[in-house]
Amino acid sequence: MTIKTLLIANRGEIACRIIRTARAMGIKTVAVYSDADRDAPHVRAADTAFHIGPAEAALSYLGAACIIEAAQKAGADAVHPGYGFLSENADFAADCTAAGLRFVGPSTDVIRQMGSKIEAKTQAIAAGVPVVPGYNGADQSDNTLIVHAKKIGFPLLIKASAGGGGRGMRVVEEASVLTDSLRAARAEAQAGFGDPALLLERYVQTARHIEVQILGDTHGNVVHLFERDCSLQRNHQKVIEEAPAPNLPEFLREAILTSAVTLARAVDYQNAGTVEYLLDEARGEFYFLEVNTRLQVEHPVTEAVTGIDLVEWQLRIAAGEPLGFAQSDIRCEGWAIEARIAAEDPSEGFRPETGKITSLVNPPDCRTDSGVVVGSTVSHHYDSMLAKVIAHASDRTGTIARLSAGLSKMQIGGVTTNIAFLSDLLRSDPFADGTHSTSTITALYPDGWQPPAATPELRAISVLARYLADCPKGTTPWNSLGAWRSVSVGGRYGCAVYYLNEITAEICEIPDGMRVQVAGELRRDFANFSMRAGRLTFEKNGQRHDVGIAYDGSEVLISGEHGRISITVQNGEEAFLSRSRNAGSSLSEIRSPMPGLVAEVLLEAGAQVKAGDPVIVIEAMKLLQTINSPCDGELSAIHYSAGDTVEKNALLVTFSPEEIPQ
């Protein structure tokens, strides 16, 4: 039953990661791709590739028939679904089996049972596994849900039965907003999973998210590969994961691990899966959440501490092989932490970002699983995650230090990323102490995350870095800069002028180096400076300093002990053009903050609105963003309908304001 040819029904970093293991096992690989992914890394990495449709996921990566047809044309023996897309779709698994293809995952029945959070809780209760108190009944009427919500008490959690990744999930603090929250959760669940069913759970405010990696073969063997802590979450989406879980009492660890194996045996689980739990530290109790019947995004941390290649054993189990080890053979050695690198702007409410990758430097001393290269286009059609960076060391302190150092050296140009935000999380006291919970990010940044302040010193460094980029060795500012003036002050001749928003900065040569004057705030002399391999070194008060430097047009990214900060440094021409472009902006319109799909238009033309009223919903990178009215007045025109695709800055809605703010 050896697998000879494997089709990967996925894209991005997980497709590349599966291809890597399959090649090491001597298995031929087949990639599939949409119009948006013709030149994607996973397509180049595979032995062969098949086109399956347009960029929209619903017409390509979610097209089961096209994928199975491609597998048959390629002569594949098996299909690996990766994660997301069709990975937990029981009908797709059944169709693969019917077509004579081995589906790399558990049985169709298990996928169907565990794919419904309602059914999964029923199975867990039958197996004696503790569950979160709540309601998971078949009656989905508002009246029934409201009655049970009042019994559970507030705050409570609404969850999509077929959901994942935080979609269709709402925390409800009080009864007055319950009806609206149910409506919003249903709509998101229907849009994301084609299933509007919801369940209610008691909301544990200070909780940890613990999950157990399991493996089961077709010969009745089931083992766990220890636990992971995935408590650092934003909007119920994981951002940093680690193995093992810190500060977990041994008796709780053993109870959780035993519970996961018990449930896996009860449902006859085969292949790789993850049993997820909520740990209420205040009560010292843990509750079953769900079973993910697929490979998890965070699986590399388990591989790091156990030395077991999970994809390899997924393929071996699918081929009918028994597990090659017993529970007593598996050791958890050292510590591993993973950070998810995403194309999003944390300082703007984590707004998804799109664009072309213009530069890429992966961190040393870390494992990087990536789905992009220089030249890759980040599209709004798919998830915003670009890569995962995984550090492994002998203890947790050393692992945090290694990952922090790696992120400080990582550079991605062309799109804004969350690297600076992740770096701040690693340095935060709750994470460093291992006392973090699912509410830590909200507690750390109640008003949203903001990058480090652009101090005069950092502004001076950014100007020097831009100057060195504009004037490489062998050129002069006379033939490379747009803003240069000849002056004679203090023995210096020639001064380059830069603009940092409304702040003017000048740089000129001095006998022993360069001097930067930032709008009178700081006169900074740089001696013995050099720029090599993305690192700027210089002397300050007799001490040597080193910072990371990356460029994206006029954006200068500085990485160092202060964290990561991006400072816009424009020459005269750039500053003039940007001011000209912004001259026509208006507060009487809504423009799309990102490329995406119009998911819903909430009002009609002619409606009277107040500033802050929700008007239109945009879907991008699997997330829904509601855009509100910028003013009081009348909604005079709507330029797009639900289902339309829009580009960034597209004019969506115009208003006739009562009064335009001056």
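1. Quick notes on the overall build of the protein chain
Helix and strand counts for the protein chain stand at 17 helices and 40 strands. Relative to its length of 662 residues, the protein chain is compact, with a C-alpha radius of gyration of 27 Å against a globular reference of 26 Å. A principal-axis box enclosing the C-alpha atoms of the protein chain has dimensions of 85 × 60 × 55 Å. Residues classed as buried in the protein chain amount to 52% of the 662 residues present. In the protein chain, once contacts between residues fewer than 6 apart in sequence are set aside, the share between residues at least 24 apart is 62%. Summing over all exposed atoms, the protein chain offers an accessible surface of approximately 27,600 Å²; the carbon and sulfur share of this is 48%. Here the protein chain holds 59 positive side-chain charges and 81 negative ones, and the gap between their average locations is 4 Å.

2. Some details on the pairing of strand β14 (residues 285-292)
Of all 8 residues in β14, 7 are buried, a share of seventy percent or more. Direction of pairing for strand β13 (residues 271-280) relative to β14: antiparallel, over a ladder of 7 bridges. Paired with E276 across the bridge in β14 is E290. Taken together, β13 and the strand that follows it, β14, pair antiparallel across an intervening segment of 4 residues, in which G284 is found at a positive phi of about 70 degrees.

3. Quick word on the nonpolar core
In terms of nonpolar packing, the biggest core is built from 60 residues, with L6, L215, Y277 and F288 touching the most fellow members. When residues no more than four places from it in sequence are discounted, the contact partners of L6 are I18, A22, I27, K28, T29, V30, A78, V79, H80, V104 and L315. Of all hydrophobic cores here, the second largest spans 33 residues; its members include I240, F350, V372 and V378.

4. Observations concerning the pairing of strand β11 (residues 222-234)
Burial runs high along β11: 13 of the 13 residues are buried. In the sheet, strand β10 (residues 207-216) pairs with β11 via 6 bridges, with the strands oriented antiparallel. By the bridge assignment, I214 is partnered in β11 with H224. Linking two consecutive strands that pair antiparallel, namely β10 and β11, is a turn of 5 residues; a positive phi of about 90 degrees is found at G220 within it.

5. Some thoughts on helix α1 (residues 12-24)
For α1, which comprises 13 residues, the first-to-last C-alpha distance of 19 Å matches the rise-based estimate of 18 Å (1.5 Å per residue) to within 8%. Summarising burial for α1: 10 of the 13 residues are buried, a large majority. Two residues or fewer after α1 comes G26, characterised by a positive phi angle close to 80 degrees.

6. What about helix α13 (residues 419-427)?
In terms of burial, α13 is a largely internal element, 8 of the 9 residues being buried. All buried positions along α13 are accounted for by I419, A420, F421, L422, S423, D424, L425 and L426.

7. Digging into the pattern of salt bridges
Summed over all chains, the structure comprises 39 salt bridges. Here E88 makes a salt bridge to R294, at a shortest N to O gap of 3.0 Å. With E88 in the loop between β4 (78-80) and α4 (90-98) and R294 in the loop between β14 and α10 (299-306), this pair connects stretches of sequence that are 206 residues apart. With a relative accessible area of 31%, E88 lands in the partly exposed category. Residues D280 and R283 are paired through a salt bridge, measuring 3.4 Å at the closest nitrogen-oxygen approach. According to the relative accessible area criterion, D280 is buried, its value standing at 5%.

8. Observations concerning the sheet that holds strand β2 (residues 28-34)
Strand order across the open sheet formed by 5 strands is β3-β2-β1-β4-β5, with parallel pairing between neighbours. Looking along the sheet, the strands with just one partner apiece sit at the ends: β3 (48-53) and β5 (102-103). When strand β1 (residues 5-8) meets β2, the two strands line up parallel, connected through 4 bridges. Pairing of I8 across the sheet is with A31, part of β2. Packing of helix α3 (residues 64-74) onto the sheet brings it into contact with β1, β2, β3 and β4, and relative to β3 it is tilted by some 155 degrees.

9. Describing the environment of G355
Mapped onto the elements of the fold, G355 is located in strand β18 (residues 355-356). Residue G355 is classed as partly exposed on the basis of its relative accessible area of 23%. Remark: the alpha-carbon pair of G355 and R402, spanning 47 residues in sequence, is separated by 29 Å. For G355, the contacting residues outside a window of four places in its chain are S376, T377, V378 and V415.

10. Points about the side chain of S259
Checked against the element boundaries, S259 lands in helix α9 (residues 250-266). On the accessibility criterion, S259 (8% relative accessible area) is buried.

11. Here we look at the confidence of the model for the protein chain
The pLDDT averaged across the protein chain works out to 89; a share of 93% of its residues lies at or above 70. In the model, residues 477-493 has pLDDT below 50 throughout and makes 31 contacts with residues more than four positions away in sequence or in other chains. Predicted confidence is poor over residues 581-585, with pLDDT under 50, and the contacts of this stretch with residues over four places away or in other chains come to 0 contacts.

12. Some remarks on the environment of D329
Here D329 is to be found in the loop between α11 (310-318) and β15 (335-342). As for D329 and Q543, which are separated by 214 residues in sequence, their C-alpha atoms are 51 Å apart. In this structure the side chain of D329 is engaged in a polar contact, spanning 2.8 Å, whose partner is the backbone nitrogen of A326.

13. Focus on the packing of helix α12 (residues 396-409) against α13
Across the interface, α12 lies against α13 with an axial gap of 10 Å and an inter-helix angle of 155 degrees. Considering the angle they form, α12 stands roughly antiparallel to α13. Considering how the two elements wind past one another, α12 and α13 form a crossing that is left-handed. Contact residues: I400, L403, S404 and L407 in α12; I419, L422, S423 and L426 in α13. Among the residues making up the contact of α12 with α13, the classes are represented as 6 nonpolar, 2 polar and no charged.

14. Observations concerning unusual backbone geometry
A cis amide bond, omega 0 degrees, links F154 with the succeeding residue P155. Inspection of the secondary structure assignment puts P155 in the loop between α7 (142-152) and β7 (156-160). Looking along the chain, the bond that leaves A243 and enters P244 is cis, with omega of -5 degrees. Mapped onto the elements, P244 comes out in the loop between β12 (237-243) and α9. Despite not being glycine, F85 shows a phi value in the positive range, around 45 degrees. One can find F85 in the loop between β4 and α4. Despite not being glycine, N271 has its phi angle at roughly 85 degrees, a positive value. Here N271 is to be found in strand β13. With a relative accessible area of 1%, N271 lands in the buried category.

What counts, and where the lines are drawn
- Residues numbered from 1 in each chain as written.
- Predicted model: local features only at pLDDT ≥ 70, side-chain atom pairs only at ≥ 80, totals over all residues.
- Heavy atoms only, no water.
- Helix = DSSP H or I, 4+ residues; strand = E, 2+ residues; numbered from the N terminus.
- Rg over C-alpha atoms; globule rule 2.2 N^0.38 Å.
- Buried < 20%, exposed > 50% of the residue type's maximum accessible area, 1.4 Å probe, protein only.
- Contact = heavy atoms within 4.5 Å.
- Areas by Shrake-Rupley, 256 points an atom, 1.4 Å probe, with all protein chains shown as cover.
- Lys, Arg positive; Asp, Glu negative; His and termini not counted.
- Charge placed at Lys NZ, Arg CZ, Asp CG, Glu CD.
- Pairing = 2+ DSSP bridges.
- Core = buried A, V, L, I, M, F, W, Y, C linked by side-chain atoms within 4.5 Å.
- Expected span 1.5 Å × (residues − 1).
- Salt bridge = Lys/Arg side-chain N within 4 Å of Asp/Glu carboxyl O.
- Axes fitted to C-alpha atoms, helices over the stretch in contact; angles between N-to-C directions.
- pLDDT = per-residue confidence, 0-100.
- Polar contact = N/O pair within 3.5 Å; in protein donor to acceptor, adjacent residues only side chain to side chain.
- Parallel < 35°, antiparallel > 145°, perpendicular 65-115°, else oblique.
- Left-handed = near helix turned anticlockwise from the far one by under 90°.
- Nonpolar A, V, L, I, M, F, W, Y, C, P; charged D, E, K, R; others polar.

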